[in-house]
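Residue-level listing of the chains:
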Amino acid sequence: MYKGQSGMWSWLFHRISGLGVLLFLLIHVVDIGLLNFGSKVYNEGISLFGTATVRILSMVLIGGLLYHSFNGVRIILIDFWPKGARYQGMMFAIVMALTIICFLPMAYFVMGPVFGWPTGNLAGGM
Amino acid sequence: MRIPSGYGPRPAGAGGFETFSWYFFRISGVALIFLALIHIFLNHVTTDVSCTSYQLVALRYTNPFWRLYDWLLLTLALLHGMNGLRVVIDDYVHSRGWRLTLQSVAGLVTLAYFMLGTITLITFQASGALGPGCLH
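Every value quoted in this text rests on a predicted model; they were computed, and no experiment measured them.

Asker: Could you clarify how one ought to interpret the overall build of chain B in this entry?
Answerer: Each helix and strand counted, chain B has 4 helices and 0 strands in total. Across the 136 residues in chain B, those meeting the buried criterion constitute 17%. Sequence-distant contacts, at least 24 apart, represent 75% of the contacts inside chain B between residues at least 6 apart.

Written out as C-alpha cells, the structure is:
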C-alpha cells in the first residue's frame, strides 16, 4: 500500500502549511503591535480581518493550521508509538478526515457574517 | 550508523542542537495545538473576528492570564515556526554564503518579533477612547 506517496504528500503539506502559518504569524504580531498606537489605529487595522477577502484567507489559514496540528500528532505517533510507522498511511487518512470534519464548522463561523448566517456569537448575524 | 526502524528505544544520539530542536518541535507542537486552536476558537467562533476590537483587548488584558496565554502562544509559535524555516533554509539553500546570510536574517527577525510581541503584551495599557466593541 505505502509506496512513498502518502508519506510524500503529508510531508509536503506539512511544510507548506507550516510556512503559511508562519507567514500569518509574522503579519499578526505586527497588527497586534498596532495596539501601541491607540484604539483608532488598531481598530482600523483589525477591521481588515472582517472583510470577505481576509475571511477567505483566514479560512485557508485555519485549514492549514488544522492539518498541521493533526499531522503533527501523526508524526509524533510515528516517532514514539512502536506501530506508528506501520500505520502511517492509515493515520494520514485519519488526519485528512479530521482536518475536513473540523474545517467545515470553522468555515461556517468564519464566513457566516458575510452571508448573514446565524452564528449565535458576539456579532453573530450582525 | 543506526537506521531508525520505528521500533525500540530511540538511539542515544550525541545530543547537541539538532536533538534539542527535534524534541522542541514535538513538545512545543503539542502545546501549540491547544494554544493556537483555542485562540482561533475564541476569536473566530465564540467571538467573531470583527469584534476583536481595541475595547475587547482592553477588557481581556485586565486579566494577566490572557497576557501570559498570548505571550506563550507568541513565543512557542515564533520559535517553532522560525525553527521550521531554519530547517527549510538548510534544505534548499546550498550556497554556504547565502545559507549563512538567510539564517542570520531569520535569527534577527526572530529576535525582533519576539521583542515587538513581548513589549506589546507587557506594556499595553488601554488609554483614551476605547472605540466601538464591534467593527463593521
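So, next bit.
Asker: Mind showing me how you'd approach the confidence of the model for chain B here?
Answerer: Atom-level detail of predicted coordinates should not be read off regions where pLDDT is low. Here chain B averages 92 in pLDDT, and 90% of its residues register 70 or above. At the level of chain-chain contacts, confidence expressed as ipTM amounts to 0.91, with global pTM at 0.90.

Asker: Is there a simple way to think about the environment of B:Ser53 in this case?
Answerer: Inspection of the secondary structure puts B:Ser53 in the loop between α1 (17-46) and α2 (54-60). For B:Ser53, a count of 22 C-beta atoms within 10 Å puts it in the buried group. When the C-alpha positions of B:Ser53 and B:Gly81 are compared, they lie 26 Å apart, and in sequence the two are 28 residues distant. When near neighbours in sequence (up to four residues on either side) are disregarded, B:Ser53 contacts A:Asn43, A:Ile46, B:Gly131, B:Pro132, B:Gly133, B:Cys134 and B:Leu135.

Asker: Would you mind showing me how to read the interface of chain A and chain B here?
Answerer: Note: interface size is frequently given as the accessible area lost on complex formation between the parts. Each partner contributes residues to the interface: chain A has 41 residues there, and chain B has 39 residues. Among the elements that take part in the side of chain A that touches chain B, helix α1 (residues 5-33) of chain A stands out by supplying 10 residues, more than any other. Of the residues contributing to the side of chain A that touches chain B, the split by class is 24 nonpolar, 15 polar and 2 charged.

Asker: Any chance you could explain the nonpolar core here in plain terms?
Answerer: Nonpolar side chains tend toward joint burial in soluble globular proteins. By size, the foremost hydrophobic cluster in this structure holds 20 residues, and its most contacted members are A:Ile62, A:Leu65, A:Leu66, A:Val95, B:Ala36 and B:Ala77. Elements with a contribution of two residues or more to this core: α1, α3 (52-80) and α4 (88-115) of chain A together with α1 and α3 (64-92) of chain B. With near-sequence residues (within four places) excluded, A:Leu65 lies in contact with A:Val21, B:Ala36 and B:Ile40. With 9 residues, the next largest nonpolar core counts A:Leu35, A:Tyr42, B:Val57 and B:Leu135 among its residues.

Asker: Any chance you could explain the packing of α3(A) against α4(A) here in plain terms?
Answerer: How two helices sit against one another is set out by the angle between their axes and by the gap between those axes. All names here are of chain A. Between α3 and α4, whose axes approach to 9 Å, the crossing angle comes to 155 degrees. The angle between α3 and α4 places the two elements in the roughly antiparallel class. As α3 packs across α4, the resulting crossing turns out to be right-handed. Looking at the contact of α3 with α4, its residues break down into 19 nonpolar, 5 polar and 2 charged.

Asker: Teacher, can you tell me more about α1(A) here?
Answerer: Given 3.6 residues per helical turn, the α-helix brings residues three or four places apart onto the same face. In this model α1(A) runs 42 Å from its N-terminal to its C-terminal C-alpha over 29 residues, within 8% of the 42 Å that 1.5 Å per residue would give. Taken together, the buried positions of α1(A) are occupied by A:Ser10, A:Ser17, A:Gly18, A:Val21, A:Leu25 and A:Ile32. Turning to α1(A), the residues buried within the fold contact α3 and α4 of chain A together with α3 and α4 (96-123) of chain B.

Asker: Honestly, α1(B) in this entry has me stumped. Any pointers?
Answerer: Helix length check: α1(B), at 30 residues, gives a terminal C-alpha distance of 40 Å against a target of 44 Å (1.5 Å per residue), a fit within 8%. Of all the bends found along α1(B), the most pronounced is centred on B:Leu32 and spans about 30 degrees. Turning to α1(B), its buried residues are B:Ser28, B:Leu32, B:Ala36 and B:His44. Next to the buried residues of α1(B) lie α3 and α4 of chain A together with α3 of chain B.

Asker: Just checking my understanding: could you explain the environment of B:Ile122 for this structure?
Answerer: Residue and element names in this part refer to chain B. Mapped onto the secondary structure, Ile-122 falls in helix α4. A residue is classified by how many C-beta atoms lie within 10 Å of it, and Ile-122, with 9 of them, is exposed. Along the chain, Ile-122 and Thr-75 lie 47 residues apart, while their C-alpha atoms are 13 Å from each other.

Parameters at a glance
- Residues numbered from 1 in each chain as written.
- Chains lettered and ligands numbered in written order.
- Predicted model: local features only at pLDDT ≥ 70, side-chain atom pairs only at ≥ 80, totals over all residues.
- Helix = DSSP H or I, 4+ residues; strand = E, 2+ residues; numbered from the N terminus.
- Buried ≥ 20, exposed ≤ 12 C-beta atoms within 10 Å, placed from the backbone.
- Contact = placed C-beta atoms within 7 Å.
- pLDDT = per-residue confidence, 0-100.
- Nonpolar A, V, L, I, M, F, W, Y, C, P; charged D, E, K, R; others polar.
- Core = buried A, V, L, I, M, F, W, Y, C linked by C-beta atoms within 7 Å.
- Axes fitted to C-alpha atoms, helices over the stretch in contact; angles between N-to-C directions.
- Parallel < 35°, antiparallel > 145°, perpendicular 65-115°, else oblique.
- Left-handed = near helix turned anticlockwise from the far one by under 90°.
- Expected span 1.5 Å × (residues − 1).
- Bend = angle between axes of the 7 residues up to and from the residue.

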